[in-house]
Amino acid sequence: MENSVPNHVGIIMDGNGRWAVKHGMIRSLGHKKGADNLKSLVQYVFTKGVKCLSVYAFSTENFKRDKEEVDYLMNLIIKFFNKEKSTFVKNKIKVLVSGSKDNLRSDVIAAIEGIEEATKDFTDKVFNVCFNYGGRLEIVDTLKKIIDKVQNNELDISSIDENLVSSYMYKDLPDLDFVIRTSGELRTSNFMLWQSSYAEYYFPETLFPDFDEKEFDIALEEYSKRKRRFGGV
Ligand code: IPE
Ligand code: IPE
Ligand code: MG
C-alpha cells in the first residue's frame, strides 16, 4: 500500500550560497532567491494536504558566518514575515518560529512576535520556521523547562514520558514524517533531532532556490513509495 501525503514535512533549505556562486552573484543574493522560492512553495505545500511544514532557515551554528551574511539573513527574515503576513492570514496559516531568542536583534524578535501573534488563532495549517535553531539546544532548553517544573512541584517525575517531552519542546508539533534536504548534502546539521526519530529522508541534488513545485511533487512521489515500519515488520 502506498503512503498517503505526509502530515508533517521538514525542509532543510540548503544550497543558496552555491546557487549564487553558480549564477555569478554574491552569496546573499542566493538567500534572497531562496526566500522568494519559499514564498510560493509554502502555499503550494499546503494545497497538497500537508498539515505542518517546518523549514530550517537559520541554525545556531550559522552565526559562524561573516557578519555581512548574518546581517543579510536577519534583515531578510524581518522582510519575509512583514511582507507575507497578510498572505498567511488570508490563507489561515499559523506561523510559529522555533529557536532561541538569545543573540537575536530586538527588531528580529519583534518581527517573530508580530507574525506569531497575527496568526495565533489558526489551527489547520502550521508553518514552523526554525530560526536561530539547534536540535541539541532545543533538547537542552526543554530539559531546563521540565526540571524547573519539577523543582517547583508543578510536575511529578513519574509523569515524564515521550509525549510530555514533545509537549515541552519549543513548539508542540507532531513528529516529522518526511525530511527533505536540498543541495545533495547527506546530513541533518542539527535539524529537529527529537521530532525526526522515524522520519523518512530525501536528499535531492537541486539547490534550494530551484526547488520548486514540480520538485516538491517528485519528493511526494518518492515518499509515497517508502515503506515505514516503525520497528515492526
Ligand atoms: C542555506 O544555504 C541557507 C542557510 C544556511 C542560511 P547555504 O547558505 O548554506 O548555501 P550553501 O550550502 O553555502 O550553498
Ligand atoms: C543547515 O545548512 C542550516 C540551514 C539550512 C539553515 P548549513 O549549510 O548551515 O549546514 P552545514 O554547515 O553544511 O552542515
Ligand atoms: Mg549550506
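What counts and how
- Residues numbered from 1 in each chain as written.
- Chains lettered and ligands numbered in written order.
- Predicted model: local features only at pLDDT ≥ 70, side-chain atom pairs only at ≥ 80, totals over all residues.
- Heavy atoms only, no water.
- Helix = DSSP H or I, 4+ residues; strand = E, 2+ residues; numbered from the N terminus.
- Buried < 20%, exposed > 50% of the residue type's maximum accessible area, 1.4 Å probe, protein only.
- Contact = heavy atoms within 4.5 Å.
- Areas by Shrake-Rupley, 256 points an atom, 1.4 Å probe, with all protein chains shown as cover.
- Lys, Arg positive; Asp, Glu negative; His and termini not counted.
- Charge placed at Lys NZ, Arg CZ, Asp CG, Glu CD.
- Near = heavy atom within 4 Å.
- Nonpolar A, V, L, I, M, F, W, Y, C, P; charged D, E, K, R; others polar.
- Patch = residues over 30% accessible without salt bridge, like charges linked within 9 Å, V, L, I, M, F, W, Y side chains within 5 Å.
- Salt bridge = Lys/Arg side-chain N within 4 Å of Asp/Glu carboxyl O.
- Pairing = 2+ DSSP bridges.
- Expected span 1.5 Å × (residues − 1).
- Bend = angle between axes of the 7 residues up to and from the residue.
- Polar contact = N/O pair within 3.5 Å; in protein donor to acceptor, adjacent residues only side chain to side chain.

1. What about the overall build of the protein chain?
Right, on to step 1. Regarding its fold elements, the protein chain presents seven helices and six strands.
Right, on to step 2. When its helices and strands are written in sequence order, the protein chain yields β-α-α-β-α-β-α-β-α-α-β-β-α.
Right, on to step 3. Counting over 233 residues, the protein chain shows a buried share of 49%.
Right, on to step 4. The contacts of the protein chain with a sequence gap of at least 6 include a subset with a gap of at least 24, amounting to 77%.
Right, on to step 5. Counting every atom, the protein chain has about 12200 Å² of accessible surface; 51% of that belongs to carbon and sulfur.
Right, on to step 6. In the protein chain, 34 side chains carry a positive charge and 36 a negative one; their mean positions are 4 Å apart.

2. Let's talk about the site of ligand 1
Right, on to step 1. Around ligand 1 lies a shell formed by M13, D14, G15, N16, G17, R18, R27, H31, A57, N62, R65 and L73.
Right, on to step 2. In the complex, the protein chains occlude 87% of the 380 Å² of accessible area that ligand 1 would expose alone.
Right, on to step 3. Only α1 (16–22) and α2 (27–47) provide two or more residues apiece to the shell around ligand 1.
Right, on to step 4. With three residues, α1 is the largest single contributor of residues to the shell around ligand 1.
Right, on to step 5. Split into classes, the residues belonging to the shell around ligand 1 amount to three nonpolar, five polar and four charged.

3. With respect to the side chain of Q195
Right, on to step 1. For Q195, the location among the structural elements is in the loop between β5 (178–181) and β6 (200–202).
Right, on to step 2. Each residue touching Q195, except ones within four places of it in the same chain, is listed here: Y133, E138, M169, D175 and L176.

4. Let's talk about a nonpolar patch on the surface
Right, on to step 1. There is a patch of nonpolar side chains on the surface, built from I139, L143, I147 and L193 and spanning about 310 Å² of accessible area.
Right, on to step 2. For I147, the position within the fold is in helix α5 (residues 135–151).
Right, on to step 3. I147 gets classed as partly exposed once you look at its relative accessible area, which sits at 45%.

5. Things to note about the pairing of strand β2 (residues 52–59)
Right, on to step 1. Across the eight residues that make up β2, a large majority, seven, are buried.
Right, on to step 2. In the sheet, strand β1 (residues 8–12) pairs with β2 via five bridges, with the strands oriented parallel. Bridge assignment links I11 to a residue of β2, and that residue is V55.

6. Looking at unusual backbone geometry
Right, on to step 1. A positive phi angle, near 55°, is found at K92, a position not held by glycine.
Right, on to step 2. Within the element layout of this structure, K92 appears in the loop between α3 (67–90) and β3 (93–98).
Right, on to step 3. The backbone of M192 sits at a positive phi, close to 40°, despite the residue not being glycine.
Right, on to step 4. Following the sequence through the fold, M192 ends up in the loop between β5 and β6.
Right, on to step 5. According to the relative accessible area criterion, M192 is buried, its value standing at 1%.

7. Regarding α2
Right, on to step 1. Its 21 residues place the ends of α2 31 Å apart at the C-alpha level, agreeing with the 30 Å of an ideal helix rising 1.5 Å per residue.
Right, on to step 2. Its axis deflected by about 25° at L41, α2 carries its strongest bend there.
Right, on to step 3. Positive backbone phi, approximately 100°, marks G49, located one or two places after α2.

8. As for the pattern of salt bridges
Right, on to step 1. With the rule as written, the count across this model stands at 18 salt bridges.
Right, on to step 2. Of the charged contacts, one joins D217 and K48 as a salt bridge, the two residues approaching to 3.2 Å between their closest N and O atoms. You can see D217 sitting in helix α7 (residues 213–225) and its partner K48 sitting in the loop between α2 and β2, a full 169 residues away along the chain.
Right, on to step 3. Within this structure, D14, R18, R181, E185 and R187 form a network of salt bridges that share partners.

9. Some words on the site of ligand 2
Right, on to step 1. Around ligand 2 sit I12, M13, D14, Y56, A57, F58, N62, R65, R181, R187 and S189, and that is every residue in its neighbourhood.
Right, on to step 2. Taking D14, its side chain carries an N or O atom lying 3.2 Å from an oxygen atom of ligand 2.
Right, on to step 3. For ligand 2, an oxygen atom lies 2.8 Å from a polar atom in the side chain of R187.
Right, on to step 4. Its free accessible area being 390 Å², ligand 2 has 77% of it covered by the protein chains.
Right, on to step 5. Per element, the largest residue contribution to the shell around ligand 2 is three residues, and it comes from β2.
Right, on to step 6. Across the shell around ligand 2, the residue classes tally to five nonpolar, two polar and four charged.

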